[in-house]
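So the chains spell out like this:
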Amino acid sequence: MTWTLASITARQLLGRRRGLLLVLLALVPVGLALLYRFASGDDDSRPVEFAPDLIERVVVALVLPLAALVFGTAALGAEIEDGTAVYLLATPVERWRIVLVKVVTAAAVTVALVMPATLLTAFIVLGASDEHGLAVGFAIAVTVGAVAYCAVFVALSAFTSRALIAGLGYVFVWETFATGIFQGTRWASIREYTLGVADLVSSAPPAAFAADLDGGVALIAATGVSVVAYALGVRFLSRFEIGERT
Amino acid sequence: MTAPAPHVEAAADAPAAITLRHASRWYGDVVAVNDVSFELGPGITGLLGPNGAGKSTLIHMLTGFLRPSAGDVLVLGEPSWRHPDLFRRVGLVPEREAVYPFLSAREFVVASARLHGVPDPQAAARRAIALVELEEAQDRALGGYSKGMRQRAKIAAALVHDPPVLVLDEPFNGTDPRQRLQLMATLREMAAAGRTVLFSSHILEEVERLADEVLVIVSGRLAASGDFHQIRRLMTDRPHSFSIRSSDDRRLAAGLVGQPHVAAVSLEEGRLDVRTTDFGAFTASIARLTRDSGVTLYELRPSDESLESVFSYLVGDRGAGAEGAAATRGDDGPGDGSPRDAARTSAP
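Residues numbered from 1 in each chain as written. Chains lettered and ligands numbered in written order. Predicted model: local features only at pLDDT ≥ 70, side-chain atom pairs only at ≥ 80, totals over all residues.

Undergrad: Quick one: what's the story with the overall build of chain B, residue by residue and with numbers?
TA: Counting its secondary structure elements, chain B contains 11 helices and 16 strands. For chain B, with 348 residues in total, the buried portion stands at 47%. Excluding contacts between residues fewer than 6 apart, the proportion of contacts in chain B whose partners are at least 24 apart in sequence is 69%. (Helix = DSSP H or I, 4+ residues; strand = E, 2+ residues; numbered from the N terminus. Buried ≥ 20, exposed ≤ 12 C-beta atoms within 10 Å, placed from the backbone. Contact = placed C-beta atoms within 7 Å.)

Undergrad: Any details on the nonpolar core? Residues and values, ideally.
TA: Counting 175 residues, the largest nonpolar core has A:Val114, A:Val142, A:Cys150, A:Val154, B:Val109, B:Ala153 and B:Ala156 as its most contacted members. Once you skip the residues sitting within four places of it in the chain, B:Val109 turns out to touch B:Ala125, B:Ala128, B:Ile129, B:Ala153, B:Ala156, B:Ala157 and B:Val160. Counting 10 residues, the second-largest nonpolar core is a separate cluster that includes B:Phe242, B:Leu252, B:Leu272 and B:Ile286. (Core = buried A, V, L, I, M, F, W, Y, C linked by C-beta atoms within 7 Å.)

Undergrad: Please give an account of the interface of chain B and chain A that cites residues and values.
TA: Tallying the contact residues gives 24 residues for chain B and 20 residues for chain A. Looking at the side of chain B that touches chain A element by element, the count peaks at 4 residues for helix H2 (residues 105–115) of chain B. By residue class, the composition of the side of chain B that touches chain A is 13 nonpolar, 5 polar and 6 charged. (Nonpolar A, V, L, I, M, F, W, Y, C, P; charged D, E, K, R; others polar.)

Undergrad: Describe the sheet that holds strand S1 (residues 18–27) of chain B, with residues and values.
TA: Residue and element names in this part refer to chain B. Pairing in this open sheet of 4 strands is antiparallel, and the strands run S2-S1-S4-S5 from one edge to the other. Of all strands in the sheet, those bounded by a partner on one side alone are strand S2 (30–40) and strand S5 (78–79). Judged from the 2 bridges that link them, strand S4 (residues 70–75) and S5 form a sheet pairing that is antiparallel. When the bridges of S5 are listed, Val75 appears paired with Glu78. (Pairing = 2+ DSSP bridges.)

Undergrad: Which residues make up the pairing of strand S3 (residues 43–48) of chain B, and what are the values?
TA: Residue and element names in this part refer to chain B. S3 sits mainly inside the fold: 5 of its 6 residues count as buried. Sheet analysis places S3 next to strand S8 (residues 196–201), joined by 6 bridges and oriented parallel. Note that in S8 the partner of Ile44 across the bridge is Val197. Where S3 meets strand S9 (residues 213–218), 4 bridges bridge the pair, whose relative direction is parallel. For Gly46, the partnering residue across the bridge sits in S9 and is Val214.

Undergrad: Report on the sheet that holds strand S11 (residues 240–246) of chain B, specifying residues and quantitative values.
TA: Residues and elements named next belong to chain B. Taken together, 4 strands build an open sheet; the order of strands is S12-S13-S11-S14 and the sheet is antiparallel. At either margin of the open sheet sits one strand with a lone partner, and together these are strand S12 (262–268) and strand S14 (297–302). When strand polarity is set aside, the average angle formed by the axes of neighbouring strands in this sheet is 20 degrees. (Axes fitted to C-alpha atoms, helices over the stretch in contact; angles between N-to-C directions.)

Undergrad: Tell me what's going on with the environment of B:Ala113, and back it up with residues and numbers.
TA: All names here are of chain B. In this structure, Ala113 sits in helix H2. In the structure, Ala113 is positioned 12 residues away from Ala125 in sequence and 6.8 Å away in space, judged by C-alpha atoms. Ignoring anything within four residues of it in the chain, the contact list for Ala113 reads Val118, Pro121, Ala124, Ala125, Val160 and His161.

Undergrad: Break down the pairing of S8(B) for me, citing the residues and quoting the values.
TA: Residues and elements named next belong to chain B. Of all 6 residues that make up S8, 6 are buried, and the element is covered over most of its length. Every second residue of S8 is oriented toward a common face, with Thr196, Leu198 and Ser200 on one face and Val197, Phe199 and Ser201 on the other, all of them buried. Sheet topology places strand S7 (residues 165–168) next to S8; 4 bridges connect them, and they run parallel. In the sheet register, Leu166 faces S8, and the bridge partner there is Val197. Viewed along the sheet, the connection from S7 through helix H5 (residues 177–192) into S8 turns out right-handed. (Right-handed = clockwise from strand over helix to strand, strands pointing away.)

Undergrad: Let's hear about helix H2 (residues 17–39) of chain A: which residues, and what values?
TA: Residues and elements named next belong to chain A. Its 23 residues place the ends of H2 32 Å apart at the C-alpha level, agreeing with the 33 Å of an ideal helix rising 1.5 Å per residue. Largest kink in H2: about 30 degrees, centred on Val28, with the proline Pro29 one to four residues after it. Turning to H2, its buried residues are Leu22, Ala26, Pro29, Val30 and Ala33. Those residues of H2 hidden inside the fold are in contact with helix H3 (47–82) and helix H5 (95–126). (Expected span 1.5 Å × (residues − 1). Bend = angle between axes of the 7 residues up to and from the residue.)

Undergrad: Could you give an account of the packing of H2(A) against H5(A), naming the residues involved and the relevant values?
TA: All names here are of chain A. As a packed pair, H2 and H5 sit with axes 8 Å apart at the nearest point and diverge in direction by 5 degrees. Between H2 and H5, the angle is such that the two are roughly parallel. Residues Leu22, Val23, Ala26, Pro29, Val30, Ala33, Leu34, Tyr36 and Arg37 of H2 form the contact with H5, whose own contacting residues are Leu113, Val114, Ala117, Leu120, Thr121, Ile124 and Val125. Grouping the constituent residues of the contact of H2 with H5 by class yields 14 nonpolar, 1 polar and 1 charged. (Parallel < 35°, antiparallel > 145°, perpendicular 65-115°, else oblique.)

Undergrad: Provide a residue-level description of unusual backbone geometry, including the pertinent values.
TA: All names here are of chain B. With a phi angle near 55 degrees, Arg82 is a residue other than glycine that sits in the positive phi range. With respect to the helices and strands, the residue Arg82 is situated in the loop between S5 and strand S6 (90–93). Residue class for Arg82 comes out exposed when judged on the 11 C-beta atoms lying within 10 Å of it. Unlike most non-glycine residues, Asp162 shows phi in positive territory, near 55 degrees. Note that Asp162 resides in the loop between helix H4 (147–159) and S7. A tally of 20 C-beta atoms within 10 Å means that Asp162 is categorised as buried.

Okay, structure coming up:
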């Protein structure tokens, strides 16, 4: 039952043009890493500083939230929009299981896209000399971030048909501008949790990479957000009414 | 049909398969379903009404996809709202045409079997696919199916767990005449095997050909319920208009004027408008008449068959006649229970 749900969800997420567009997006940091590797001059930053900077600015701030937004809102929202969700909902499958499978599948697809981009970017910039564990740190961090983002976006799509717009607002208005201007709002940013976890796992010197949030706090916050968003998603789906979405 | 439907036995003291008690649903100030009550047991019941009458809202309520604003909606004795476990015993064919375009019909039906917890999904899917005669195309992606084939795949998916209650929302939309006959035969088998089959339609003739009982809903209210033939008699006992296109309208008009059941014929530009006092006699004789006249019939369509016009006639112009013809004309409230008791009409 769970596998059937996951399989249909994954095929739906991967079978469309959006998958190809997101692969192209994921290649952006890899391309920039190649540019650094083959076109940087003597005055450019050292690899141990450039790698986390590139991954933070492009992978964590752009590729990860966009991929999670697209997959997270499509995992359930697309089926609700096109009417195929009724084939899942007109079954005795518990709503908690449907939401769980949707979140896990969307997160898995997001990780499958973002993690290779992260590892490849780090490898190209740092070569084999990643003594601070930046590649592994960011790889684990994007996994944690993908789960949190996808839980939020799946819940949003069970709540509103405008989940994509709401998610874009969260990622680009809240996380990019609000948390950049007001330091005190960073506790409410999945991007900051992701960076905090990367800082927690890696051992990069502060001069090269330092997150604003404490790693332990970031991990707990990411877990809390994921659990709360998941619970809300189950609640929304349990009370879902056909033709009643706004 | 190639695979017979397994028989379903209902316990003598079992609750009605579907029960609505003063059920209403409104959206803000708009009342979509207004104080509807009925009970359904095994057999085929047609839910008939014009587009926008509230049929889909009613079906969504009884399949748990809409919470009733007031009243009770019970399926097999249990409230349908927030009760997905009911789908172990209920099959739903939704109105929307959407299917997973990347799945083959077999994958789709097997997935449905698995999601319903069927012990042997492959065998159950084979049976359901055979029931709707979709074996030859079962390995093709649903995205390439015609509307009618998709509809059959949806029905197979709804039947795969062998539910005692089957609810179909406009199941004949998009099907061609042959597919329609096949689907009707399938549903008759389901009903003959003891199942409760409820289907909605806005087309009178579909309901006439299939349903033993009928619920007529107009403007959100139960306008009539009971034996279809009694209600149909009310509907047919009125003048009907048809629009005809043929190879020689003038010659056909001459032949039609000689028919006792034809009240008026008028030649319009490119078509013939005919008014008849006997629907059945006219439809039975038109083919013979065109053949005898050596005229080729291009198109024959009723021009006043909308349910709005039928019910406007029944409850408006012919209110007194409707009262006496076949049924007891009720008060303005909903029906009082089973449509199997007696035909009953009430003003919408």
